[in-house]
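Spelled out, the chains give:
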Amino acid sequence: MFGAGGGTSSYREVEDTDLIVLWGSNARETHPIFFHHVLKAVHKGARLYAVDPRRTSSAEWADSWLGLDVGSDIALANAMAREIIAAGLENREFIERATVDFDAYKAKVESYTLEYAERETGVPAEAIRELAHSFATAPRAMICWTLGITEHHNAVDNVLALISLVLLTGHVGRYGSGVNPLRGQNNVQGGGDMGALPDRLPGFQHVENDLLRAKFDQAWGVSIPPTRGWHLSGMFDAMERRDLTAVYCIGENPVQSEADQHRAIRLLEGLDMLVVQDLFLTRTAELADVVLPATAAWAEGEGTVTNSERRVQRVRKAVDPPAGARDDLEIIFDLAKRMGIDWGESAAERVWDEVRSLSPVHAGMTYRRLEELGGIQWPCYDETHPGELFLHSRLWEDPVPGNRVPFMPVDHDPPVDKLTDEYPIRLTTGRRLDSYNTGVQTAGYTSPLRRGESLDVSPEDAESYGLAEGERVRVLSRRGQVEVPIRVDPSLRPGLTFMTLHFQDDVATNLLTIDATDPKSGTAEFKATAIRIEKLAAPIPA
């Protein structure tokens, strides 16, 4: 909606804002550095609201926890919007100056009464009303979200619903106000910035824009296809159609990270060629025709990373890689040479300078300036520009230069995997502080916090199902089953369970999850699986 694929605000602003909504984000465990800034804000008097199905460790710091049912985020957001409009708390001046399509949005949310939202979300109407009024009347406010919003079959619509709330209240384009998707992995923001998206070139320049694409054609000496490519889920669909028969997989473990493990293995095994470039011999690499051992970029190579506040920072080599491992750039340059194109020296700074020459938002970020300033936030248009602390200040100019921002009306759409008498329990997934994704980078190291995989259940469900702490049970979904020990977790409400994907070699959680995907982003609905729990027969005494 805003035309830039990054969070609007800086970490400094988080500390100075008046109200923070953590929506679908357990930032204390999954983004602990960011959460330090949240705590500074709380200690300075900011109000914190946590919107999450679980009463997470982040929610323990909140003034109010809105424990909504999984997949009901749009119903809650639309009800907040209706309440704000009904109370006359919308920022009418900002709406008229900076936005379009408000009337259509107002008409859409009209049916989302507080009573309807309470039925759909499980959140008391008064709690919804309080958050709506507090958010609308706060001098400065921001919404921060993570995978609790985006790992759904309607992920993009969830995000649009949250963005519309800041448009409604004018909480964007100003210091201390904004919308911030928190990036859960090192340099995931930088990957998107560099064009690791199916429809973008470096600097978020659209591949289908002839003028933008032409400068890359000229610089690279090739004709870039003028149509968008496939996102990750689209790639697997293309494998199924046999439109995609060869895959070069760099730093990804889809066997253990895709939502349907059986399908992922079947399709990867059916490729004509699979090349995997990675730090470790992952489960995906075990299927590969060729494995290219790579270095740990954060310690064994030179380059840059970009964090959630759009800050580009230098990475410096600290140690030599083990024998046989090579830097990612070196591998790619060598492959190009073997294919008949000599790109010259594979120096990180040389590649970065090429990026700066083609991406206007990175143009002023020389290595020298990155080092002197401790990193720079994009956009940074020239070598005198300090970088933008926050985005979209143009929306407060009169008249607004460029396009105004559209409201995007969306409707509540419940999870695909329905709860039934056969599968009556909701499983949601997430991360823990001590581990990382599929465990490739963390499982080989000990941690006093690590306890292995478990099916976390509420005390009420443990009692009603007769489950004991540590008891192994069978968990079944419509796609598969696993055996896992029980852990009783008082942060969960009855009917809601929790697992991670951190210990896939022991418990393959993605045998249970559903690969229903968002058509726009390709993100699978990891957050909403229907399951049942079966007790295992007691072993026969010897």
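Residues numbered from 1 in each chain as written. Predicted model: local features only at pLDDT ≥ 70, side-chain atom pairs only at ≥ 80, totals over all residues. Heavy atoms only, no water.

So, the overall build of the chain
Helices and strands together make up the secondary structure of the chain, namely 20 helices and 21 strands. Taken against the 2.2 N^0.38 rule, which gives 24 Å for 542 residues, the C-alpha radius of gyration of the chain at 24 Å falls within 12% of a compact globule. The principal-axis extent of the C-alpha atoms belonging to the chain is close to 75 × 65 × 45 Å. In the chain, buried positions account for 53% of the 542 residues. In the chain, 69% of the contacts between residues at least 6 apart in sequence involve partners at least 24 apart. Distance between charge centroids for the chain: 2 Å, based on 56 positive and 81 negative side chains. (Helix = DSSP H or I, 4+ residues; strand = E, 2+ residues; numbered from the N terminus. Rg over C-alpha atoms; globule rule 2.2 N^0.38 Å. Buried < 20%, exposed > 50% of the residue type's maximum accessible area, 1.4 Å probe, protein only. Contact = heavy atoms within 4.5 Å. Lys, Arg positive; Asp, Glu negative; His and termini not counted. Charge placed at Lys NZ, Arg CZ, Asp CG, Glu CD.)

Regarding the sheet that holds strand β3 (residues 64-66)
An order of β3-β2-β1-β5-β6 is seen for the 5 strands of this open sheet, with the pairing classed as parallel. Either end of the sheet is taken by a strand with one partner, and the two such strands are β3 and β6 (178-181). Going from strand to strand, the sheet's axes swing by 15° on average, the running direction of each strand aside. Set on the sheet, helix α3 (residues 32-43) makes contact with β1 (19-23), β2 (47-51) and β5 (141-145); between it and β1 the angle comes to about 140°. Here helix α4 (residues 73-86) sits on the sheet and contacts β1, β2 and β3; the angle it forms with β1, its principal contact strand, is near 155°. (Pairing = 2+ DSSP bridges. Axes fitted to C-alpha atoms, helices over the stretch in contact; angles between N-to-C directions.)

Some details on the sheet that holds strand β14 (residues 376-377)
Taken together, the 3 strands give an open sheet; going across it, the order is β12-β13-β14, and neighbouring strands pair in antiparallel fashion. Edge positions in the open sheet fall to β12 (303-306) and β14, since each of these has one partner strand only.

Remarks on the pattern of salt bridges
Overall, the coordinates contain 49 salt bridges when judged by the stated rule. Across the pair D456 and R451 runs a salt bridge, and its minimum N-O distance is 3.7 Å. The exposure class assigned to D456 is buried, which follows from its relative accessible area of 2%. Relative accessible area serves as the criterion here: at 39%, R451 is assigned to the partly exposed category. Overlapping salt bridges, with partners in common, bring together D237, E240, R263, R266 and D515 in one network. (Salt bridge = Lys/Arg side-chain N within 4 Å of Asp/Glu carboxyl O.)

Thoughts on the side chain of Q261
If you trace the backbone, Q261 turns up in helix α15 (residues 261-269). Those residues in contact with Q261 that sit more than four places away from it in its chain are V255, R283, Q504, A508, N510 and L511.

Quick look at helix α13 (residues 232-241)
Of all the positions in α13, only S233, G234, F236, A238 and M239 are classed as buried. Each element contacted by the buried residues of α13 is listed here: β9 (246-250), α14 (254-257) and α15. A positive backbone phi angle near 65° is found at R242, which sits one or two residues after α13.

Things to note about the environment of F407
Inspection of the secondary structure puts F407 in the loop between β15 (405-406) and β16 (425-430). Along the backbone, F407 and V315 are 92 residues apart, and their C-alpha atoms lie at a distance of 39 Å.

Things to note about unusual backbone geometry
Cis geometry is adopted by the peptide bond preceding P379, which originates at W378 and carries an omega value of 5°. Despite not being glycine, D101 has its phi angle at roughly 70°, a positive value. Non-glycine residue R242 carries a positive phi angle of around 65°. Relative to the helices and strands, R242 resides in the loop between α13 and β9. For R242, a relative accessible area of 42% translates into the label partly exposed.

Some words on helix α8 (residues 125-137)
For α8, which comprises 13 residues, the first-to-last C-alpha distance of 18 Å matches the rise-based estimate of 18 Å (1.5 Å per residue) to within 8%. Along α8, the residues classified as buried are A125, A127, I128, L131, A132, H133, S134, F135 and A136. (Expected span 1.5 Å × (residues − 1).)

Describing the packing of aromatic side chains
If you walk through the whole model with that rule in mind, you get 8 aromatic pairs. Centroid distance F204 to W378: 5.6 Å. Interplanar angle 45°. Geometry classified as tilted. Here F204 is found in the loop between β7 (200-201) and β8 (205-206), whereas its partner W378 is found in the loop between β14 and β15, with 174 residues between them in sequence. According to the relative accessible area criterion, F204 is buried, its value standing at 15%. By relative accessible area, W378 is classed as buried at 3%. Their ring planes at 65° and their centres at 5.1 Å tell us that F216 and W220 sit as a pair that is edge-to-face. Taken as a pair, F216 and W220 lie in helix α12 (residues 210-220) at a separation of 4 residues, close to a single helical turn. In this structure W220 comes out as partly exposed when scored by relative accessible area, which is 36%. Members of the aromatic cluster, each reached through a chain of ring pairs, are F102, Y105 and F407. Of note, R54 hangs over the ring of F498, and the distance from its end group to the ring centre comes to 3.8 Å. (Phe/Tyr/Trp six-rings, centres within 6.5 Å; stacked < 30°, edge-to-face > 60°. Lys NZ or Arg CZ within 6 Å of the ring centre and 35° of its normal.)

Overview of the nonpolar core
For soluble globular proteins, nonpolar side chains are generally found buried alongside one another. Membership of the largest hydrophobic core comes to 54 residues, with the highest contact counts inside it found for V21, W23, F135, I143, L165 and L168. If sequence neighbours within four positions are ignored, I143 has contacts with V21, W23, F135, L162, L165, V166, G178, V179 and N180. Grouped together as the second largest cluster of nonpolar side chains are 19 residues, I20, A27, M142 and C144 included. (Core = buried A, V, L, I, M, F, W, Y, C linked by side-chain atoms within 4.5 Å.)

So, a nonpolar patch on the surface
The grouping of W230, L232 and M235 at the surface amounts to a nonpolar patch, some 250 Å² of accessible area in total. Relative to the elements of secondary structure, L232 occurs in helix α13. Exposure remark for L232: the relative accessible area of 34% places this residue in the partly exposed category. (Patch = residues over 30% accessible without salt bridge, like charges linked within 9 Å, V, L, I, M, F, W, Y side chains within 5 Å. Areas by Shrake-Rupley, 256 points an atom, 1.4 Å probe, with all protein chains shown as cover.)

Structural notes on the pairing of strand β18 (residues 472-476)
Where β18 lies against strand β19 (residues 481-488), 5 bridges are found, and the strand directions are antiparallel. Residue pairing across strands places R474 opposite E483, the latter belonging to β19. As paired strands, β18 and strand β21 (residues 529-535) are joined by 4 bridges and run antiparallel to one another. Note on β21: the bridge partner recorded for V475 is I533.

With respect to the packing of α4 against helix α10 (residues 155-169)
Where α4 meets α10, the closest approach of the two axes is 9 Å, and the angle between their N-to-C directions is 15°. In terms of orientation, α4 and α10 fall into the roughly parallel class. In this structure, α4 crosses over α10, and the sense of that crossing is left-handed. Facing D73, I74, A77, M80, A81, I84 and I85 of α4, the residues of α10 in contact are D157, N158, A161, L162, L165, L168 and T169. Across the contact of α4 with α10, the residue classes tally to 10 nonpolar, 2 polar and 2 charged. (Parallel < 35°, antiparallel > 145°, perpendicular 65-115°, else oblique. Left-handed = near helix turned anticlockwise from the far one by under 90°. Nonpolar A, V, L, I, M, F, W, Y, C, P; charged D, E, K, R; others polar.)

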